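Analysis of the macromolecular model
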Amino acid sequence: MYWTMILIRRFEEKIASILRSPEKDIKTPCHLYIGQEAVAVGVCAALKKTDYIFGTHRSHGCYLAKGGNLRQLAAEIYCRANGCSGGNGGSMHLIAPEIGLLGTSAIVGASIPLAVGAALACKIKRDHRVAVAFFGDGATNEGGFYESLNLASLYKLSVIFVCENNLYSTHLPIEKCLANTNISQIAKSFKMPAHRIDGNDAVKVYQTARVAVSRARRGQGPSFIECLTYRWLGHVGPNDDIDKGLRSQAELDSWREKCPINKLEKLLVGNKNFCSLHQQIDQTIETAFKIARQSPYPDIKELTKKVFKE
Ligand SMILES: Cc1ncc(C[n+]2csc(CCOP(=O)(O)OP(=O)(O)O)c2C)c(N)n1
Ligand SMILES: [Mg+2]
């Protein structure tokens, strides 16, 4: 889990540094996940490769945590033909069925009914897979959220709802959008176990996800995990939104103190040799970006091919 969290952090720091540089050669909008790494990593550590996940506009983390290919992710961010979505998707539309990532979507809330649909398919096929929907606090304002929770509970579907409550939906603080900011309470009213946990504690996330996965695997129905966390950067791009007056420096600093990576590192007392590990990861990332930049764009003839079913 530690290795994957560092991979996600360093990968996104690389993207942020490119976006801040004069060359700025990444054109797809990037919603960065820095600060939230423990959620995707803790949940995916409890899943099998064959289990399904669905993500949001902020999904580099869940792609890598589920075991997605780093070079294909870098290539997708450069919209190249060898990207995980063939260069058609960019940062927000990732797909990697070989590791169970059936799609990420920029439509807020879209991951939720998709995961319920996948879980229904698993139930019909009796293949004992589990489906996970990752989504933000803002997605709980969508009608589909309520319909999905109801259907999942009613049909006892093997789905796990993972709400990444980072306290903001674009530039709106949660208390300006939700009448009840305790999201797990909303889920409880649909008669499913609902946990509200420290989303910056990778071990806690993993343990909670394991309980939910084993319940789902036994056919006992859905669970809900609300992970309290915080995004260190702005809604989109490499800046922190402090200058826009959207949040305070003190608030950001208090969450940086609760860094999920530092938290996990403190537990790894027997292993202090992180330096070489970080260097290895940085090298892997550098190579991935180099290959991505040198790769071809998709053929223009392919442009409309994946828009409609042929
Ligand atoms: C259906 C829909 N409505 C509005 C938007 C514009 N939009 C993009 S991201 C976002 C906020 C999402 O907030 P949240 O779900 O908390 O995720 P976070 O960005 O915090 O990870 C909004 C409103 C959209 N993409 N889709
Ligand atoms: Mg949010």
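Provided above is the structure to which this section pertains.
Cut-offs used in this document
Residues numbered from 1 in each chain as written. Chains lettered and ligands numbered in written order. Predicted model: local features only at pLDDT ≥ 70, side-chain atom pairs only at ≥ 80, totals over all residues. Heavy atoms only, no water. Helix = DSSP H or I, 4+ residues; strand = E, 2+ residues; numbered from the N terminus. Buried < 20%, exposed > 50% of the residue type's maximum accessible area, 1.4 Å probe, protein only. Contact = heavy atoms within 4.5 Å. Phe/Tyr/Trp six-rings, centres within 6.5 Å; stacked < 30°, edge-to-face > 60°. Lys NZ or Arg CZ within 6 Å of the ring centre and 35° of its normal. Patch = residues over 30% accessible without salt bridge, like charges linked within 9 Å, V, L, I, M, F, W, Y side chains within 5 Å. Areas by Shrake-Rupley, 256 points an atom, 1.4 Å probe, with all protein chains shown as cover. Salt bridge = Lys/Arg side-chain N within 4 Å of Asp/Glu carboxyl O. Near = heavy atom within 4 Å. Polar contact = N/O pair within 3.5 Å; in protein donor to acceptor, adjacent residues only side chain to side chain. Nonpolar A, V, L, I, M, F, W, Y, C, P; charged D, E, K, R; others polar.

The subject of this paragraph is the environment of Leu 47. Within the element layout of this structure, Leu 47 appears in the loop between α2 (37-45) and β1 (52-55). Judged by its relative accessible area of 13%, Leu 47 falls in the buried class. Separated by 162 residues in the primary sequence, Leu 47 and Ala 209 place their C-alpha atoms 8.4 Å from one another. Beyond its immediate stretch of four places on either side in the chain, Leu 47 contacts Ile 53, Lys 66, Val 130, Val 132 and Val 213.

So, on to the packing of aromatic side chains. All told, the structure shown has 11 aromatic pairs when counted by the stated rule. A centroid spacing of 4.9 Å and a plane angle of 90° characterise the contact between Phe 145 and Tyr 146, whose relative ring orientation is edge-to-face. Here Tyr 146 falls in the partly exposed class, since its relative accessible area comes to 32%. Their ring planes at 5° and their centres at 5.3 Å tell us that Tyr 230 and Trp 255 sit as a pair that is stacked. Of this pair, Tyr 230 sits in the loop between β8 (223-228) and α9 (249-256) while Trp 255 sits in helix α9, and the two are 25 residues apart along the sequence. One exposure class covers both Tyr 230 and Trp 255, and it is buried. Feature note: the residues Phe 135, Phe 145, Tyr 146, Phe 161, Phe 190 and Phe 224 constitute an aromatic cluster, connected by ring pairs. Of note, Arg 80 hangs over the ring of Tyr 297, and the distance from its end group to the ring centre comes to 4.1 Å. A cation sits over an aromatic face here: Lys 258 above Trp 255, 3.8 Å from the ring centre.

We now examine a nonpolar patch on the surface. On the surface, a cluster of nonpolar side chains totalling about 290 Å² of accessible area is made up of Leu 151, Leu 154 and Tyr 155. Residue position: Tyr 155 is located in the loop between α6 (143-154) and β4 (159-165). Judged by its relative accessible area of 39%, Tyr 155 falls in the partly exposed class.

Once that is clear, we can look at the site of ligand 1. In the vicinity of ligand 1 lie 15 residues, with His 57, Arg 58, Ala 106, Gly 138 and Asn 166 positioned nearest. Arg 58 is positioned such that a nitrogen or oxygen atom in its side chain is 2.8 Å from an oxygen atom of ligand 1. When isolated, ligand 1 has an accessible area of 590 Å², and the protein chains bury 71% of it. By residue class, the composition of the shell around ligand 1 is five nonpolar, seven polar and three charged.

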